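Take a look at the letters that make up each chain.
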Amino acid sequence: MTGPRFATLAVRGSYNHEAAAHNLGSLGEPAYLATAQHFDSAETMRATAAGEREGWVYARRGNPTVGHLEDTVAALEGYQVDAEVSAAVTTTGMAAITLATTPFLSTAVGAKPNIVASPACYGSTVMVFDKRYGDERGVSVRWVDDPLSVDGWERHIDEDTRFLYAESPSNPMVQLVDIPALAELARWAEIPLIIDATLATPALMRPLGLGADIVVHSLTKAAGASGRSMGGAVIARHGLQFRGQPAEMTTNFAGYLRSGPMRDMGSVLSPFNAWTLLADIRELRARVDSMSTSALRVAEYLANRSDVVEVFYPGLPSHRTHHLAKRDMWLVDSGGPGRDAVNRFGFLLGFRPAGGVPAAHRVMDRLDLFWRANNLGQVKSTVTIPAIGTHQQIGGDEPVPSDMVRLSVGLEHTDDLIEDLDQALTRRDVAGRRSTGPSEAMPEIAVDRVE
Ligand SMILES: Cc1ncc(COP(=O)(O)O)c(C=O)c1O
């Protein structure tokens, strides 16, 4: 055996018997809800602040509970990766994306930076690149026409390109990119390949092992599936080297972020949020396995309906990047002596009901069990229409169809979810859900409200 397996790392993190002994035997990592560390002398304060002895000094520079989350995220994303890996956790996924990318945009290392990215990205990521970097900082943003065409990526790269960026799978079209092929291109250009792997989670895919240099996550999603806290993470291999970028930055990129940009700009995660995320991330493998198994059944059910025009799920052979998902998305540690590894394709899917935008709205309004909400990866199944929700800022029919309903499959029984979809797609009797009350599929529970 080469070391603890993924699920063990998730449960144990960096909190072992010895760490518990320093915390009155507490079985779980204590939540250090404190902004600063007390020192017994001026000398101890000096030495700790100088990094000569262990400590955390001030919560913007570090906090023990946040540190445990960083260790755990690094262990999971770095699992079976042949390199040392570190993580920095942030307030949100968007903070992680800006933190991972802004250091590469410095004009100190070249004139006018440009970036090459897949347009199949979450709406706010598109906004950060187009508005915050493009309009406000003069960065040239080169969106590739087809994220699957490696030649298309290559055509956009020149000596001022600072990084390649893609989501895999993407939100909401659940399209993968060919990470090993893009990694090779990035290595040739001596620039980083940055992958947002929020939808896969390290339980299904670890891009660092496929050749990516830096991975970003929104921990608000499946990592924090109970829906209590927002959070984000930047995870990087040690010993990165890029054209024109200082070694101080790339030797341990996550460590650099923690001790420089994040400390200075203040996007640190609150220890309370870190504590709730630590509790959620423990069950990541089992949860993502179950949610993905359920999502595949839901996708197959929808694909078999004549009143559904199109289903988007990488587990379906009809999906454009099914071949990549089959190659790269595996339930971690599912293979072993006497048992084959199993593919899992994640918890997110989309579909277009017959009847266009009005039908999409109608189906969404009629669902009783799915929560109409703009989040994903939660234990509670959610439904949204990206064109009016998560991706409204982008507008138009490209790259997200305006009649696409997006489902994030949680941990409810799959049969209940399918029954809910069934009644939402077939009910013909009423104009809208509110006028009729909930369907038979899910009896409403009476709740006393105090207002
Ligand atoms: C793929 C992806 N990346 C990043 C984000 C941003 O995460 P957060 O909302 O935690 O800032 C989202 C949010 O939906 C997302 O879906």
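Please read all numbers here as calculations on a predicted model, not as lab measurements.

1. Some details on the overall build of the protein chain
Assigned secondary structure in the protein chain consists of 17 helices and twelve strands. Its C-alpha atoms give the protein chain a radius of gyration of 23 Å, near enough to 22 Å, the size a compact globule of 451 residues would have. Overall, the C-alpha framework of the protein chain stretches about 75 × 55 × 55 Å when taken along its three principal axes. Counting all 451 residues of the protein chain, 53% fall into the buried class. Of the contacts made within the protein chain by residues no fewer than 6 positions apart, 71% connect residues no fewer than 24 positions apart. Carbon and sulfur atoms provide 51% of the accessible area of the protein chain, an area that totals close to 20,100 Å². Looking at the protein chain, you have 42 positive and 54 negative side-chain charges, and the mean spots of the two groups are 1 Å apart.

2. Re the layout of surface pockets
Gaps between atoms show up when a probe of the same size as a water molecule is rolled over them. Here the largest pocket defines a volume of roughly 1,100 Å³. Along its surface, the largest pocket is lined by 34 residues, and Glu54, Gly55, Trp56, Asn63 and Pro64 are the ones closest to its centre. For the lining of the largest pocket, the secondary structure elements donating two or more residues are helix H3 (42-49), helix H4 (64-77), strand S1 (85-90), helix H10 (253-259) and helix H11 (261-265). The class makeup of the residues in the lining of the largest pocket is twelve nonpolar, 14 polar and eight charged.

3. Quick word on the packing of aromatic side chains
Throughout the structure, instances matching the rule amount to ten aromatic pairs. Consider the rings of phenylalanine 129 and tyrosine 165, whose centres lie 4.9 Å apart with planes at 85°: the pair is edge-to-face. Residue phenylalanine 129 is found in helix H6 (residues 123-137), and its partner tyrosine 165 is found in strand S4 (residues 161-167); the two are separated by 36 residues along the sequence. Take phenylalanine 129 and tyrosine 165: they sit in the same class, and that class is buried. Ring centres of phenylalanine 272 and tryptophan 275 lie 5.9 Å apart, and the angle between their planes is 45°; this geometry places the pair in the tilted category. Separated by three residues within a single helix, phenylalanine 272 and tryptophan 275 lie in helix H12 (residues 271-281), roughly one turn from each other. Site record: aromatic cluster; members linked through ring pairs are Phe104, Phe129, Tyr133, Trp143, Phe163, Tyr165, Phe242 and Phe253.

4. What to know about unusual backbone geometry
The omega angle of the peptide bond from serine 168 to proline 169 is -10°, so this bond is cis rather than trans. In this structure, proline 169 sits in the loop between S4 and helix H8 (179-189). Cis geometry marks the peptide bond from asparagine 171 to proline 172; its omega dihedral reads 5°. Inspection of the secondary structure puts proline 172 in the loop between S4 and H8. Even without being glycine, glutamine 80 reaches a positive phi, approximately 60°. One non-glycine residue, aspartate 333, adopts positive backbone phi at about 60°.

5. Describing the sheet that holds strand S8 (residues 308-312)
Ordered by their spatial adjacency, five strands build an open sheet running S8-S9-S12-S11-S10, and the pairing between neighbours is mixed. The open sheet has two free edges, formed respectively by S8 and strand S10 (371-372), since each of these has just one partner strand. The pairing of S8 with strand S9 (residues 348-353) spans four bridges and is antiparallel. Note that in S9 the partner of valine 308 across the bridge is proline 353.

6. Let's talk about the environment of threonine 161
Secondary-structure assignment places threonine 161 in strand S4. When its relative accessible area of 1% is taken as the criterion, threonine 161 is described as buried. Here the alpha-carbon distance between threonine 161 and valine 139, two residues 22 residues apart in the chain, equals 9.9 Å. With residues near it in sequence (within four places) discarded, threonine 161 still touches Asn114, Val116, Arg142, His156, Ile191 and Arg243. Polar side-chain contacts of threonine 161 include one of 2.7 Å to the side chain of asparagine 114. There is a polar contact of 2.9 Å between the side chain of threonine 161 and the backbone nitrogen of aspartate 158.

7. As for the domain arrangement of the protein chain
Partitioning the protein chain into structural domains gives domain 1 (6-281) and domain 2 (284-436). Once you take the C-alpha centre of each, domain 1 and domain 2 turn out to be 27 Å apart. Every contact between the two is made by 44 residues of domain 1 and, on the other side, 40 residues of domain 2. At the boundary of domain 1 with domain 2, total buried surface from both sides reaches about 3,300 Å², with 64% on carbon and sulfur atoms. Across the contact surface, domain 1 and domain 2 share two salt bridges. Salt-bridge contacts for arginine 320 lead to aspartate 146; the nearest nitrogen and oxygen are separated by 3.0 Å. The interface formed by domain 1 and domain 2 contains 19 residue pairs in polar contact (both at pLDDT 80 or more). It is H6 that provides the largest number of residues to the side of domain 1 that touches domain 2, a total of four residues.

8. A short note on the site of the ligand
Close contacts around the ligand come from 14 residues, with Gly93, Asn171, Asp196, Ser218 and Thr220 the closest. Within the side chain of serine 218, a nitrogen or oxygen atom sits 2.8 Å from an oxygen atom of the ligand. Between the ligand and lysine 221, the relevant distance is 2.9 Å, taken from an oxygen atom to a side-chain nitrogen or oxygen of the residue. In the complex, 95% of the free accessible area of the ligand, which totals 390 Å², lies under the protein chains. Sort the elements by how many residues they give to the shell around the ligand and helix H5 (residues 93-101) lands first, with three residues. Per-class residue counts for the shell around the ligand are four nonpolar, seven polar and three charged.

Conventions we followed
- Residue numbers run consecutively from 1 along every chain, following the written order of its sequence.
- It should be noted that, the model being predicted, local features are given only for residues of pLDDT at least 70 and side-chain atom pairs only at 80 or more, the latter also being counted only at that level, while totals for whole chains, interfaces and linings use all residues.
- Values shown for side chains rest on all heavy atoms present in the structure; no hydrogens or waters enter the calculation.
- Think of it this way: any DSSP run of H or I at least four residues long counts as a helix, any run of E at least two long counts as a strand, and we number them from the N terminus.
- Computation of the radius of gyration draws on C-alpha atoms, with the globule rule given as 2.2 Å multiplied by the number of residues to the power 0.38.
- Residue burial is assigned from relative accessible area. The probe radius is 1.4 Å, only protein chains are included, and a residue is buried under 20% of its type maximum, exposed over 50%, and partly exposed in between.
- Every residue pair with non-hydrogen atoms within 4.5 Å of one another is taken to be in contact.
- Reported accessibility uses the Shrake-Rupley method at a 1.4 Å probe radius. Residues are deemed covered only where the shown protein chains occlude them.
- When charges are counted, neither His nor the chain ends are considered; positive counts come from Lys and Arg and negative counts from Asp and Glu.
- We put the charge of a Lys on NZ, of an Arg on CZ, of an Asp on CG and of a Glu on CD.
- Cavities and pockets were defined on a 1 Å grid built from protein atoms only: a cavity is a group of points that admits a 1.4 Å probe but offers it no way out, a pocket is an open group of points flanked by protein on both sides within 12 Å along at least five of seven lines, and a lining residue is one with an atom within 4 Å of any such point.
- Grid points are joined across faces, edges and corners, and a volume is the space filled by probe spheres set on the points.
- Residues are grouped as follows: nonpolar covers Ala, Val, Leu, Ile, Met, Phe, Trp, Tyr, Cys and Pro; charged covers Asp, Glu, Lys and Arg; every other residue, Gly included, is treated as polar.
- Working definition: a ring pair exists when centres of Phe, Tyr or Trp rings (six-membered ring for Trp) sit within 6.5 Å. Plane angles under 30 degrees give stacked, over 60 give edge-to-face, the rest tilted.
- Here, a strand pair is defined by DSSP locating no fewer than two bridges between the strands.
- Whenever a nitrogen or oxygen atom comes within 3.5 Å of another N or O atom, the pair is scored as a polar contact, on the condition that within protein one atom can donate a hydrogen and the other can accept it, and that pairs from neighbouring residues in sequence are kept only if both atoms are in side chains.
- Where each domain begins and ends follows an automated or database-derived domain assignment.
- In short, buried area is how much 1.4 Å probe accessible area vanishes from two parts on joining, totalled over both.
- The working definition used for a salt bridge is a side-chain nitrogen of Lys or Arg within 4 Å of a carboxyl oxygen of Asp or Glu.
- Note on definitions. A residue lies near a molecule or strand when any single heavy atom of the residue is within 4 Å of it.

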